[in-house]
Protein chains: 2
Amino acid sequence: MQAIGMTASLTASTTVAMKIGVLARRSGMTVKTLRYYEDLGLLPAIGRSEGGYRLFAEESLQRLEFIRRLKTLGLSLEEIQRCLAVHDAGELPCGDIQRQLERQIGRIDSQIQELRQLRKELQGLLAGWQSDPAKDGDVICPNLRV
Amino acid sequence: MQAIGMTASLTASTTVAMKIGVLARRSGMTVKTLRYYEDLGLLPAIGRSEGGYRLFAEESLQRLEFIRRLKTLGLSLEEIQRCLAVHDAGELPCGDIQRQLERQIGRIDSQIQELRQLRKELQGLLAGWQSDPAKDGDVICPNLRV
DNA sequence: CTAGACTCTCCCCCACAATGGAGAGTCGAT
DNA sequence: ATCGACTCTCCATTGTGGGGGAGAGTCTAG
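The structure contained in this document is the topic of the report that follows. (Residues numbered from 1 in each chain as written. Chains lettered and ligands numbered in written order. Predicted model: local features only at pLDDT ≥ 70, side-chain atom pairs only at ≥ 80, totals over all residues.)

Things to note about the interface of chain B and chain A
Turning to step 1, where the next piece is worked out: Listed as interface residues are 39 residues of chain B and, on the opposing side, 38 residues of chain A.
Turning to step 2, where the next piece is worked out: Mapped onto the side of chain B that touches chain A, the elements with two or more residues apiece are helix H3 (59-72) and helix H5 (94-127) of chain B.
Turning to step 3, where the next piece is worked out: For the side of chain B that touches chain A, the element with the highest residue contribution is H5 of chain B, accounting for 19 residues. (Contact = placed C-beta atoms within 7 Å. Helix = DSSP H or I, 4+ residues; strand = E, 2+ residues; numbered from the N terminus.)

Shown next, in the form of structure tokens:
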């Protein structure tokens, strides 16, 4: 007996495995990237077909969404992998993700500080810039002295 | 006739060439770095000794100071090389350096903008963070939705 | 003459996140 | 049977600024 109109999510036992090209199209990533992620352990395949083709589960799509999202937030693949490891251990990764994101804010803040400092130095240097200075020994550009 | 006590800078004709190790010690850079810069064309040697050793002129020290300074200001070696090329053509490089530094300020500004934008997104995300959310389908972390 | 310090070239390696391509194998349809 | 689309592994490359080390040659003091 076959329930017509039954949604795919209800037929959990019949998980249809995807080959890498399908997953690439559905996720918007390239085949190369998916293989790369699998090599890194970010994206486990459920197995191989008889011909040796990687087979991916439906959940890979959520996983790739997760990876994509954290990447745009500036986390490295290694940090993302740590979060995924928590998830794969059956725990809720939200706490770990939160900590990673807080660390990321810290990194951003110090980067901004450095950039502001550098900008200030550049501004100061350009403020007193003389486009045609007197030659001063063998110095290549006299404007550059601290 | 040899003037005793005459400073080295006055005996310009007797430019004493340095081998790479001496230049490294005097400039505070490594031998590896100096060879690298010479390969790139940033730091021309005046020639080779009979044994094939690179020989550098006294001016290399000013040149390395220049490179070091522009590097700390965030210019790439390629940009620095463009400035040095102007200098080596006998022109005053100050105008070119000025333009490079202005471009650098522009880059810094857009980097800061990007970082601020990212920080805002992270802050917003963490503001509504729930460390123990309800499970929502197969989504790995419900907090991450845009 | 020999030991030690110095230098040479050449090649490989790091981070980071992929990308490109060669050459071979697999799958589905005709 | 064969064609095209797909996939596999393996290796190299991208950009940036160097670092490490092998193996060989050179220079200098004792």
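The structure having been displayed, the exposition proceeds.
Looking at the protein's contact with DNA strand D
Turning to step 1, where the next piece is worked out: Inspection of the region around DNA strand D gives 19 residues, with Lys 19, Gly 21 and Arg 54 of chain A together with Lys 32 and Gly 51 of chain B positioned closest.
Turning to step 2, where the next piece is worked out: Counting residues per element, the ones that place at least two in the surface near DNA strand D are helix H1 (20-27) and helix H2 (31-40) of chain A together with helix H2 (31-40) of chain B.
Turning to step 3, where the next piece is worked out: In terms of residue class, the surface near DNA strand D is made up of 6 nonpolar, 8 polar and 5 charged. (Near = placed C-beta within 6 Å. Nonpolar A, V, L, I, M, F, W, Y, C, P; charged D, E, K, R; others polar.)

Points about the relation of the copies chain B and chain A
Turning to step 1, where the next piece is worked out: Of the two same-sequence chains, chain B is brought onto chain A (RMSD 0.1 Å, axial shift 0.0 Å) by a rotation of 180 degrees. On the angle and the small slide along the axis, the relation comes out as a two-fold axis. Minimal C-alpha distance to the rotation axis in chain B is attained by Ile 112 of chain B, lying at 3.0 Å. (Least-squares fit on C-alpha atoms with pLDDT ≥ 70 in both.)

Digging into the protein's contact with DNA strand C
Turning to step 1, where the next piece is worked out: By nearness alone, 21 residues border DNA strand C, and Gly 51 and Ser 76 of chain A together with Lys 19, Gly 21 and Arg 54 of chain B come closest of all.
Turning to step 2, where the next piece is worked out: Looking at the surface near DNA strand C, the elements with two or more residues in it are H2 and helix H4 (77-88) of chain A together with helix H1 (20-27) and H2 of chain B.
Turning to step 3, where the next piece is worked out: Along the lines of polarity and charge, the residues of the surface near DNA strand C split into 6 nonpolar, 8 polar and 7 charged.

Some details on H4 of chain A
Residue and element names in this part refer to chain A.
Turning to step 1, where the next piece is worked out: Look at H4: 16 Å from first C-alpha to last across 12 residues, which is about the 16 Å you get at 1.5 Å a residue.
Turning to step 2, where the next piece is worked out: Glu 79, Ile 80, Cys 83 and Leu 84 are the residues of H4 that are buried. Buried residues in H4, looked at end-on, bunch into an arc of 140 degrees, giving them a common side.
Turning to step 3, where the next piece is worked out: Packed against the buried residues of H4 are helix H3 (60-72) and helix H5 (94-127). (Expected span 1.5 Å × (residues − 1). Buried ≥ 20, exposed ≤ 12 C-beta atoms within 10 Å, placed from the backbone. Arc of directions from axis to C-beta.)

Focus on the packing of helix H4 (residues 77-88) of chain B against H5 of chain B
Helix packing for two helices is described by the angle between their axes and how far apart those axes are.
Residues and elements named next belong to chain B.
Turning to step 1, where the next piece is worked out: Remark: H4 packs on H5, axes separated minimally by 9 Å, with the N-to-C direction vectors making an angle of 165 degrees. It follows that H4 is roughly antiparallel to H5 by the angle criterion. Note on packing geometry: the crossing formed by H4 with H5 is right-handed. Contact with H4, carried on its side by Glu 79, Arg 82, Cys 83 and Val 86, involves Asp 96, Ile 97 and Gln 100 of H5 and no other residues of that element.
Turning to step 2, where the next piece is worked out: Split into classes, the residues belonging to the contact of H4 with H5 amount to 3 nonpolar, 1 polar and 3 charged. (Axes fitted to C-alpha atoms, helices over the stretch in contact; angles between N-to-C directions. Parallel < 35°, antiparallel > 145°, perpendicular 65-115°, else oblique. Left-handed = near helix turned anticlockwise from the far one by under 90°.)

Topic: H5 of chain B
Turning to step 1, where the next piece is worked out: In a regular helix each residue adds 1.5 Å, so 34 residues correspond to 50 Å; H5 of chain B covers 48 Å between its end C-alpha atoms and thus fits that length.
Turning to step 2, where the next piece is worked out: Among all positions of H5 of chain B, only Cys 94, Ile 97, Leu 101 and Gln 104 of chain B are buried.
Turning to step 3, where the next piece is worked out: Check the buried side of H5 of chain B and you find it contacts H5 of chain A together with H4 of chain B.

Brief notes about the packing of H5 of chain A against H5 of chain B
Turning to step 1, where the next piece is worked out: It is the contact of H5 of chain A with H5 of chain B, at a shortest axis distance of 9 Å, that shows an interaxial angle of 155 degrees. Classified by the interaxial angle, the pair formed by H5 of chain A and H5 of chain B is roughly antiparallel. Taken as a pair, H5 of chain A and H5 of chain B cross one another with a handedness that is left-handed.
Turning to step 2, where the next piece is worked out: A breakdown of the residues in the contact of H5 of chain A with H5 of chain B according to their chemical character gives 18 nonpolar, 7 polar and 4 charged.

Things to note about the environment of Arg 54 of chain B
Turning to step 1, where the next piece is worked out: Relative to the helices and strands, Arg 54 of chain B is located in strand S2 (residues 54-55).
Turning to step 2, where the next piece is worked out: Between the C-alpha atom of Arg 54 of chain B and that of Arg 26 of chain B, which follows or precedes it by 28 residues, the distance is 16 Å.

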